[in-house]
Amino acid sequence: MTTAPADSAGTLAPAYGDKVIAVESAGSEAIPESERHGGPLQLLWTWASPNIEFATVFIGVIAVLFFGLSFWQATAAIVLGTALGALTQGVLSLDGPRFGVPQMVVGRLSFGYFGNILPAAANGLVAGVGWFAVNSVSAAFALNTLTGLRPLPSLLLVVAAEILIGFIGHNFVHVFEKYAFPALAVIFLLAGVWTFKDAHLGGGGSGGGVGGFLLAFSAAWGYAAGWNPYAADYSRYLPRTANKARTILYPALGLFLSVSVVAVIGAASATIVAPKDATPTAAFTGHLPGWLGDLVLIAIILGGVSANALNVYSGAISIASFGLNLPPWLSRSVLVVVSGVAGTAAAWASLSDAGAAYEAFLLVIAYWVAPWLGVVLVERLLRPRDADEVLSARLTDRTFTNWPGFTALLIGVAVSVPLFSNQEDYVGYVPKHWPSFGDITPVVGFVLSAVLYAALRRRSPAR
């Protein structure tokens, strides 16, 4: 990022600073001290608003309708999975003030400079295309239900707003989430009260058992931990002196409360009989009075835009984190547009069967995030107590390698997915022969990659 000339006191005046209506010029490079601003509290609503939306509702819906759990079983799985994902979100947010770079750049410490391209590419695909498509579809269905506008024009209106927010950049994203938060929270809490009034919470489920519980747990963990590769993206402008405890607490709390509360409302709504052939959003609002149903549809649109502002922004940042010599015109803001267009195409393709596509997508997220997270957390534990300056130098050292991390990630995915995945199109060896295991792919991938990296790193340290 280019900064303004030194002022009369001999310090650098920020070129971007805390400006809101200004296109951010920074990409994956470190944010200089002169540009640092804000406080940890802003991370509370930045991680709460994107999860007060319909994609979160659907976590609870699929736990009951697809995985066969009772309401209370679904609630336990949701709370446990979300808590684990939220905790690591808080821990990884510390990397922002410490290094001033996006989370995918910090990943070079775990996978090496060029080895990190693989997880950065996966995150760019999942965030800028996959998640962007999922949330755009739910917002488009809400707009369709609210106005009667056909799904495709509804989709195009939604993605235009999402891309614009991501294009402007970091500060505008934070401010948008801040003002979206109270509106989203009030509307969804009202919907929750009405939903619980009509819900049938005492049902015994449809025989999901342990396998269904593990599927719901994996879906909730995958959803919450799916934000982990973005964590430092939204804390990297904080001053180095930002309070560490609050930098952990606020993103973890915002993520946990929003996901767990909204997903549990979704689980309760699944116990209410929905109109036949209703779209997912119409099914969720069908039992609400007209005025509240319309407000919820507006909130679903606002929540989808809130989530995708982060997804398309971080998707672009992940591509910029490849560390390649991209042409000057291919800036972060241009990459936002490229990611958004690709995500729009994916959303268009999934309009006809959003429910099944979302169920599969939730589980696939955790398939790669869990092994990635296992390596990253072990690296944090085993990392020498080097000065921040030494570690920061490694982040820009194109010769720096960490093949143990890269190897552990690949093996974690290569072993866990074929053996333990439980998808409609592919069932791994273990659930095929022992269905009660459900889908423990993320757990196996996390543990295997973490243990393997710890062992390999001691034998062959990063250099």
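Because the structure is a prediction, the values reported are computed rather than measured.

1. Considering helix α14 (residues 332-349)
Every α-helical turn comprises 3.6 residues, leaving residues that sit three or four positions apart pointing alike. When the terminal C-alpha atoms of α14 are compared, their 26 Å separation across 18 residues agrees well with the 26 Å that a helix rising 1.5 Å per residue should span. All buried positions along α14 are accounted for by Arg332, Ser333, Leu335, Val336, Ser339, Gly340, Gly343, Thr344 and Ala347. Contact partners of the buried residues in α14: α7 (117-147), α8 (151-168) and α13 (290-320).

2. Section: the pattern of salt bridges
With the rule as written, the count across this model stands at seven salt bridges. With a closest N to O distance of 3.6 Å, glutamate 24 and arginine 332 form a salt bridge. Remark: arginine 332 occurs in helix α14 and glutamate 24 occurs in the segment before α1 (42-48); sequence separation between them is 308 residues. Of the two residues, glutamate 24 and arginine 332, neither departs from the other in class, the shared state being buried. In this structure, the salt-bridge partner of glutamate 33 is arginine 240, at a minimum N-O distance of 2.4 Å. Linking glutamate 33 in the segment before α1 with arginine 240 in the loop between α10 (209-225) and α11 (244-269), this pair joins segments that are 207 residues apart in sequence. For arginine 240, a relative accessible area of 45% gives the class partly exposed. By sharing partners, the salt bridges in this structure join Glu24, Arg236 and Arg332 into a single network.

3. With respect to the confidence of the model for the protein chain
In low-pLDDT segments, the atomic positions of the prediction should not be examined closely. Looking at the protein chain as a whole, its pLDDT mean stands at 88, while 92% of the residues score no less than 70. For the stretch residues 1-12, pLDDT sits under 50, and the model shows 23 contacts to residues farther than four places along the chain or on other chains.

4. Quick look at the side chain of serine 260
Following the sequence through the fold, serine 260 ends up in helix α11. A polar side-chain atom of serine 260 sits 3.5 Å from the main-chain carbonyl oxygen of leucine 257. The contact partners of serine 260, leaving out residues within four places of it in the chain, are Ile78, Val79 and Thr82.

5. Brief notes about the environment of alanine 263
In this structure, alanine 263 sits in helix α11. It is 20 Å that separates the C-alpha atoms of alanine 263 and proline 442, two residues lying 179 residues apart in sequence. Other than its neighbours up to four places away in sequence, alanine 263 contacts Thr56, Val57, Ile59, Gly60 and Ile78.

6. Section: a nonpolar patch on the surface
A surface patch of nonpolar side chains, amounting to about 520 Å² of accessible area, comprises Ile411, Val415, Leu419, Tyr429, Trp434 and Phe437. Per element, the largest residue contribution to the nonpolar patch is three residues, and it comes from helix α17 (residues 403-420). With respect to the helices and strands, the residue phenylalanine 437 is situated in the loop between α18 (429-433) and α19 (441-459).

7. A few points about the side chain of serine 321
Along the chain, the position of serine 321 falls in the loop between α13 and α14. A relative accessible area of 1% places serine 321 in the buried class. Residues contacting serine 321, with those up to four places away along its chain left out, are Ser28, Pro102, Met104, Val105, Arg108 and Asn116.

8. Focus on the packing of α17 against α19
Each packed pair of helices is defined by two parameters, the angle between the axes and the distance between the axes. The N-to-C vectors of α17 and α19 enclose an angle of 150°; their axes lie 8 Å apart at closest approach. Between α17 and α19, the interaxial angle falls into the category roughly antiparallel. Our pair here, α17 against α19, has a crossing hand that is right-handed. Across the interface between the two elements, Pro404, Gly405, Thr407, Ala408, Leu409, Ile411, Gly412, Val415, Ser416, Val417 and Phe420 of α17 pack against Thr441, Val444, Gly445, Leu448, Ser449, Leu452, Tyr453, Leu456 and Arg457 of α19.

9. Things to note about the environment of glycine 85
In this structure, glycine 85 sits in helix α3 (residues 71-93). Of the residues examined, glycine 85 reaches a relative accessible area of 0% and is grouped as buried. Sequence spacing of glycine 85 and alanine 225 is 140 residues, and the spatial spacing of their C-alpha atoms is 4.2 Å. Among all residues touching glycine 85, those that are not within four sequence positions of it are Trp221, Ala224, Ala225, Asn228 and Leu255.

10. A closer look at the packing of aromatic side chains
Tallied over the entire structure, the rule returns 18 aromatic pairs. Here the aromatic rings of tryptophan 131 and tyrosine 223 are separated by 5.3 Å at their centres, their planes lie at 85°, and the arrangement is edge-to-face. In this pair, tryptophan 131 is assigned in helix α7 and tyrosine 223 in helix α10, connecting sequence segments 92 residues apart. Summarising the burial analysis for this pair, tryptophan 131 and tyrosine 223 share the class buried. On the numbers, 5.5 Å between centres and 40° between planes, the contact of tyrosine 234 with tyrosine 313 is tilted. Of this pair, tyrosine 234 sits in the loop between α10 and α11 while tyrosine 313 sits in helix α13, and the two are 79 residues apart along the sequence. In this structure tyrosine 234 comes out as buried when scored by relative accessible area, which is 0%. Residue tyrosine 313 is classed as buried on the basis of its relative accessible area, which comes to 0%.

The rules we used
Starting from 1, residues in each chain are numbered consecutively following that chain's sequence as written. With pLDDT at 70 or above as the cut-off, local features in this predicted model cover only qualifying residues; side-chain atom pairs require 80 or more to be listed or tallied, and sums for whole chains, interfaces and linings still use all residues. Only hydrogens and water are removed before side-chain values are computed, so all heavy atoms of the structure are retained for them. Helix and strand labels come from DSSP, where a helix needs a run of H or I of at least four residues and a strand needs a run of E of at least two; each type is numbered from the N terminus. Helix span, as expected, comes to 1.5 Å for every residue beyond the first. Each residue is assigned to one of three classes by its accessible area relative to the maximum for its type, calculated with a 1.4 Å probe on protein chains only: buried under 20%, partly exposed between the two thresholds, exposed over 50%. Any two residues having at least one pair of non-hydrogen atoms within 4.5 Å are treated as being in contact. Just to be clear on terms, a salt bridge is a Lys or Arg side-chain nitrogen sitting within 4 Å of an Asp or Glu carboxyl oxygen. On a scale of 0 to 100, pLDDT captures the predictor's confidence in every residue. Here a polar contact is taken to be a pair of N or O atoms separated by no more than 3.5 Å, where protein atoms must pair a possible hydrogen donor with a possible acceptor and residues adjacent in sequence count only if both atoms sit in side chains. Patches draw on residues past 30% relative accessible area with no salt bridge. Two like charges within 9 Å are joined, as are two nonpolar side chains (Val, Leu, Ile, Met, Phe, Trp, Tyr) within 5 Å. In this description, accessible areas are obtained by the Shrake-Rupley approach with a 1.4 Å probe, and a residue is regarded as covered only by the protein chains that are shown. Structural elements are reduced to axes, namely lines fitted to C-alpha atoms, with helices fitted over the stretch in contact, and the angle between N-to-C directions of any two is expressed from 0 to 180 degrees. Convention used here: angles under 35 degrees read as roughly parallel, angles over 145 as roughly antiparallel, angles from 65 to 115 as roughly perpendicular, and any remaining angle as oblique. In a left-handed crossing the near helix is turned counterclockwise from the far helix by less than a right angle, and in a right-handed crossing that turn is clockwise. Centres within 6.5 Å make a pair out of two Phe, Tyr or Trp rings, where for Trp the six-membered ring is used; the pair is then stacked when the planes are under 30 degrees apart, edge-to-face when over 60, and tilted otherwise.

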